[in-house]
Amino acid sequence: MSDQHPPVTPTSLGYFVIGASDLAAWRHFAVHVVGMMAGDIGETLALRLDENAQRLLVEADDHDDLNAVGWCYDSERELDAAIDQARRLGATVEDGSATLCATRHVERLARLADPNGLVHELHYGPAMAPMDQAFRSAVLRGGFVAGQLGAGHYVAIADDRAATERFYRKVLGLRLSDYIRGEVAPGGPVLEATFLHAASGRHHSVAFACAPAAKRIHHIMVEVADMNDVGLARDRCRAGGVPLMMDLGHHPNDGMFSFYCVTPGGFGLEIGAGGRVIDEDAWAVRSYTRLSDWGHQPPPG
Ligand SMILES: [Fe+2]
């Protein structure tokens, strides 16, 4: 990238758009197991993590996968610069219609697809919930860590590492956090994952790895403020028959204490606490050799 065009980086990952064959199952899981706040349910289900009007939008379809993610910019000027950047690098970027903006609860958006078929919605002006509808969880002791840091993160499955890295780092302008190259299980295949952050500094808003998978993603992650809420969510999974994907553990790179359960869509949801926030001036990119310091084991049998 030339000096003429300093990289434009989104502020945060604003939202997830999930396709789901069973909205009622998602509503129960999100509200009573995870602790999100549900809005209306019809053709779509809006889910809140904070004062934003929606952070997860669950749409009725048969894919049961992540359909799109929203990248939030602080101003229309930054959004325009981001669209210019993507187009200069050869991406096909389409303006989102007024109807689409209304479903996403944003003032304006533009869409482009990545090399793996996931749609990215660059936007600004997310709507806040009405003042008299403060965020309230039915089950959490604390709240979610979202706000300026965004909705959370996701781990994408990549077909082509180089093309995927170019998309995320150049076209979207995300910043490199670190790498992990490690065995998924002792003696098993080595996974190479690349972690990237947006400008507000959540350790990663996206990571990607080349691996065989039935879905576009391995998991999405939401962060809670009180680490007890991680353990309590695990208890609710076990009591409610929600399968665990990986049990409690700690990641060396983002410092997250977490476990993973299986969503109604079949992909994972990581529920974590204590995630690192990057100070850009003091950050050095590292490569780790283990996915977890301890734990994150698949549940027995
Ligand atoms: Fe994660």
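Residues numbered from 1 in each chain as written. Predicted model: local features only at pLDDT ≥ 70, side-chain atom pairs only at ≥ 80, totals over all residues. Heavy atoms only, no water.

Another aspect to go through is the overall build of the protein. The secondary structure content of the protein amounts to five helices and 18 strands. Computed over the C-alpha atoms, the radius of gyration of the protein is 18 Å, within 12% of the 19 Å expected from 2.2 N^0.38 for a compact globule of 301 residues. Taken along the three principal axes of its C-alpha coordinates, the protein extends 55 × 50 × 35 Å. Relative to its 301 residues, the protein shows a buried fraction of 53%. Put simply, of all contacts in the protein between residues at least 6 apart along the chain, 67% involve residues at least 24 apart. With the model as given, the accessible surface of the protein reaches about 13,000 Å², and the carbon-plus-sulfur share is 52%. Positive and negative side-chain charges of the protein, numbering 26 and 39 respectively, have mean locations separated by a distance of 3 Å. (Helix = DSSP H or I, 4+ residues; strand = E, 2+ residues; numbered from the N terminus. Rg over C-alpha atoms; globule rule 2.2 N^0.38 Å. Buried < 20%, exposed > 50% of the residue type's maximum accessible area, 1.4 Å probe, protein only. Contact = heavy atoms within 4.5 Å. Areas by Shrake-Rupley, 256 points an atom, 1.4 Å probe, with all protein chains shown as cover. Lys, Arg positive; Asp, Glu negative; His and termini not counted. Charge placed at Lys NZ, Arg CZ, Asp CG, Glu CD.)

Quick look at the domain arrangement of the protein now. Domain boundaries in the protein define domain 1 (12-126) and domain 2 (147-295). When each unit is reduced to the centre of its C-alpha atoms, the spacing between domain 1 and domain 2 is 19 Å. In this assembly, 38 residues from domain 1 lie in contact with 44 residues from domain 2. It is V33, W71 and N116 in domain 1 that bury the most area against domain 2; as a group they hold 18% of the surface buried on that side. Across the domain 1-domain 2 interface, the total number found is zero salt bridges. At the boundary of domain 1 and domain 2, one finds 13 residue pairs in polar contact (both at pLDDT 80 or more). (Domains from an automatic or database assignment. Buried area = accessible area lost by both parts, 1.4 Å probe. Salt bridge = Lys/Arg side-chain N within 4 Å of Asp/Glu carboxyl O. Polar contact = N/O pair within 3.5 Å; in protein donor to acceptor, adjacent residues only side chain to side chain.)

Either a parallel or an antiparallel arrangement is found when strands of a sheet pair, and the pairing is made through backbone hydrogen bonds. What the 10 strands build is an open sheet, ordered 17-10-11-12-9-13-16-15-14-18; its pairing is mixed. In this open sheet, the two strands that pair with only one neighbour each are strand 17 (286-288) and strand 18 (294-295). Sheet topology note: the strand 14 (residues 244-250)/strand 18 ladder contains two bridges and is antiparallel. Within the sheet, the bridge partner assigned to H250 lies in strand 18 and is W294. (Pairing = 2+ DSSP bridges.)

A few words now on the side chain of S292. Here S292 is to be found in the loop between strand 17 and strand 18. Here H296 takes part through its side chain, which lies 2.7 Å from a polar atom of the side chain of S292.

This part is about helix 1 (residues 23-34). Buried within helix 1 are the following residues: L23, W26, F29, A30, V31, V33 and V34. Measuring from the backbone nitrogen of A24 back to the side-chain oxygen at the start of helix 1 gives 3.3 Å, which picks out D22 as the cap.

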